[in-house]
Structures are given as C-alpha cells and as structure tokens.
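# Structure assessment
Spelled out, the chains give:
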Amino acid sequence: MDFIGYDFDKTIYQGDSSAQFTLWCLSRYPKAWLRLPEMGWHSLLFGLKLCPKTRFKSHLFSYLRHIPDIDKAVDQFWRQKEKNLKSFYLKKDHSRDVILSASPEFLLTPLCRRLQVFQLIGTRMDKRTGRIQGENCWGAEKVARLIAWRPEAHLLEFYSDSRSDGPLAQLADRAFLVTGDQIQPW
C-alpha cells in the first residue's frame, strides 16, 4: 500500500511538542518540579555525549510520575496547542498518512485520532513513568519501525524538517524539506 510519510515536530507542527508539553506540565503540576535535578543532570550528560538519547529522554520525561491524570493533561494540552498545526498539513487528506516521530506516541495519539491519520509511529513510552520501551524513534530507527509495521509499505512522499530523517527520505519516491512554512525538494 502507498503512504505519505511525515515527521511531526517542526514539520507539520510549529515547534517541538515534547518540549512544549514538558513546559506545559511543569507550569501546571508543581510536583513535577521535583524531577528537575534529575532532568538537568541527564541533560548535561546528554550534552556531553555521556548519555544515549533514549536514556536521556526517559529521564527527561520522569516528571510524568507526578501528573495525576496524564490522559486529561494530554487532552487539555492539545486543546490549547492544536492551533500550532501548519496550514499546509491541515488542508490535506490524512487517510494515507503515516506520522513517524521521536515524540511519545501517548502524546500524539489523541491528535492523530482527531485528524484521522492512518498510522502513528512514535517513541513508545510508559505515560506513567516516562520510561521508553525499546528505542527512541529517531533517524534510522524510524525506518526500522516502519518496516516492522508494514514491510511492504511504500512511501510516495516524505516530509521532514531534519536531515536526520535522510534514511526515510531515501525510501520515498519524493522527499521534501520543510523549513517553517516553506516546502522544497529534499
């Protein structure tokens, strides 16, 4: 089956949804601040290349332990932030879309359902602890996850803001780089 692939953050969404959700939660759930030392330490280790991205993200999202109703929080977040979806994407039919994102699946799932996106492939994360199950869905891992989902999947087009998605761009018949609201051939 033929699909249209999209990265999410900074491609069809203005900004980084994970970072925005983290700041949104920190502003509403004071207990989440208890995790700031852990988050800061692992951010430093990651910046120094002493901590792999998957472990870093698990520690970054450890604040989720202090969110009493994560599903409600995600719903409230998207009620405020859905307006950040880019207009070029909203105008499209999403029935063949596959969103491949490093952002957590639990965060993007409600929005993808509302948009009637065909498939979401993101980072699998325990929404109660922040622990990543498997690998962070980034770079070549996106290709592995796409193939694991549907080995016969064929990308007619692929859109991303980042060269780290080069492995997916190579799979697609046509690939596009998205910079702000500008779309140009890869």
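## Some thoughts on the side chain of Lys142
- Summarising the element assignment, Lys142 is placed in helix α7 (residues 140–149).
- Taking relative accessible area as the criterion, Lys142 reaches 2% and is therefore assigned buried.
- At a separation of 2.9 Å, a polar atom in the side chain of Lys142 contacts the side chain of Asp7.
- In contact with Lys142, not counting residues within four places along its chain, are Asp7, Leu100, Ser101, Ala102, Cys137, Asp165 and Leu168.

## Here we look at the pairing of strand β4 (residues 154–160)
- Among the seven residues of β4, six are classified as buried, and the element is accordingly described as predominantly covered.
- In terms of strand pairing, strand β1 (residues 2–6) meets β4 through five bridges, oriented parallel. In the sheet register, Phe3 faces β4, and the bridge partner there is Leu155.
- The pairing of β4 with strand β5 (residues 174–179) spans four bridges and is parallel. Pairing of Glu157 across the sheet is with Arg174, part of β5.
- Considered for its hand, the β-α-β crossover made up of β4, helix α8 (residues 166–171) and β5 is right-handed.

## As for a nonpolar patch on the surface
- On the surface, Trp41, Leu44, Leu48 and Leu50 cluster together into a nonpolar patch covering about 450 Å² of accessible area.
- The residue Leu48 is located in the loop between α2 (36–47) and α3 (53–60) in this model.
- Of the residues examined, Leu48 reaches a relative accessible area of 52% and is grouped as exposed.

## Structural notes on the packing of aromatic side chains
- Evaluated as defined, the whole model comprises 17 aromatic pairs.
- Aromatic pair Phe21 and Phe77: ring centres 5.2 Å apart, planes at 80°, arrangement edge-to-face. With a gap of 56 residues between them, Phe21 in helix α1 (residues 17–28) and Phe77 in helix α4 (residues 70–81) connect regions that are remote in the sequence.
- Given a relative accessible area of 0%, Phe77 falls into the buried group.
- Members of the aromatic cluster, connected to one another through ring pairs, are Phe8, Tyr13, Phe21, Trp24, Phe77, Trp78 and Phe106.
- The positively charged end of Lys53 is found above the aromatic ring belonging to Trp138, 3.8 Å away from the centroid.

## Overview of the environment of Asp126
- Looking at the secondary structure, you find Asp126 in the loop between β3 (119–123) and α7.
- If sequence neighbours within four positions are ignored, Asp126 has contacts with Leu64, Arg131 and Gln133.

Reading the values: the criteria
Residues numbered from 1 in each chain as written. Predicted model: local features only at pLDDT ≥ 70, side-chain atom pairs only at ≥ 80, totals over all residues. Heavy atoms only, no water. Helix = DSSP H or I, 4+ residues; strand = E, 2+ residues; numbered from the N terminus. Buried < 20%, exposed > 50% of the residue type's maximum accessible area, 1.4 Å probe, protein only. Polar contact = N/O pair within 3.5 Å; in protein donor to acceptor, adjacent residues only side chain to side chain. Contact = heavy atoms within 4.5 Å. Pairing = 2+ DSSP bridges. Right-handed = clockwise from strand over helix to strand, strands pointing away. Patch = residues over 30% accessible without salt bridge, like charges linked within 9 Å, V, L, I, M, F, W, Y side chains within 5 Å. Areas by Shrake-Rupley, 256 points an atom, 1.4 Å probe, with all protein chains shown as cover. Salt bridge = Lys/Arg side-chain N within 4 Å of Asp/Glu carboxyl O. Phe/Tyr/Trp six-rings, centres within 6.5 Å; stacked < 30°, edge-to-face > 60°. Lys NZ or Arg CZ within 6 Å of the ring centre and 35° of its normal.

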